[in-house]
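One-letter residues, chain by chain:
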Amino acid sequence: MISAHRFDISAENDPTVFSRILDLFSTRNLLPRLACARLHDSEVLSIELEIDTLSESECCYLGKKFEAIPTVISVRLTKSAD
């Protein structure tokens, strides 16, 4: 079953990390319904993403791809409250 999922990602302050994460969507011809990045304390970038076109297993796979980006600190996947 497909439902909305939310990724909460923490990353080092790297100017390429947000585009690298979004590129993982575009290479799959996907568009998140929400994509937001905020810089905290000049060191940590918080990225919020929501997508409603993938199954939970597909989201888990995508989360592992995010974790493989060297400047990503953590990835949390939850079901989104609509």
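The rules behind these values
- Residues numbered from 1 in each chain as written.
- Predicted model: local features only at pLDDT ≥ 70, side-chain atom pairs only at ≥ 80, totals over all residues.
- Heavy atoms only, no water.
- Helix = DSSP H or I, 4+ residues; strand = E, 2+ residues; numbered from the N terminus.
- Buried < 20%, exposed > 50% of the residue type's maximum accessible area, 1.4 Å probe, protein only.
- Axes fitted to C-alpha atoms, helices over the stretch in contact; angles between N-to-C directions.
- Left-handed = near helix turned anticlockwise from the far one by under 90°.
- Contact = heavy atoms within 4.5 Å.
- Nonpolar A, V, L, I, M, F, W, Y, C, P; charged D, E, K, R; others polar.

(A) Seen up close, unusual backbone geometry. One non-glycine residue, aspartate 41, adopts positive backbone phi at about 55°. Residue position: aspartate 41 is located in the loop between β2 (34-40) and β3 (44-51). One non-glycine residue with positive phi stands out, namely serine 42, at about 60°. Examined against the element boundaries, serine 42 turns out to sit in the loop between β2 and β3. According to the relative accessible area criterion, serine 42 is exposed, its value standing at 56%.

(B) Spatial organisation of the packing of helix α1 (residues 17-26) against helix α2 (residues 56-67). Close contact between α1 and α2 brings their axes to 10 Å; oriented N to C, the two are set at 145°. The chirality of how α1 crosses α2 is right-handed. Taking contact as the criterion, the partners of Ile21, Leu24 and Phe25 in α1 are, on α2, Leu62, Lys65 and Phe66. Residue composition of the contact of α1 with α2, grouped by class: 5 nonpolar, no polar and 1 charged.

This is a description of form; function is not addressed.
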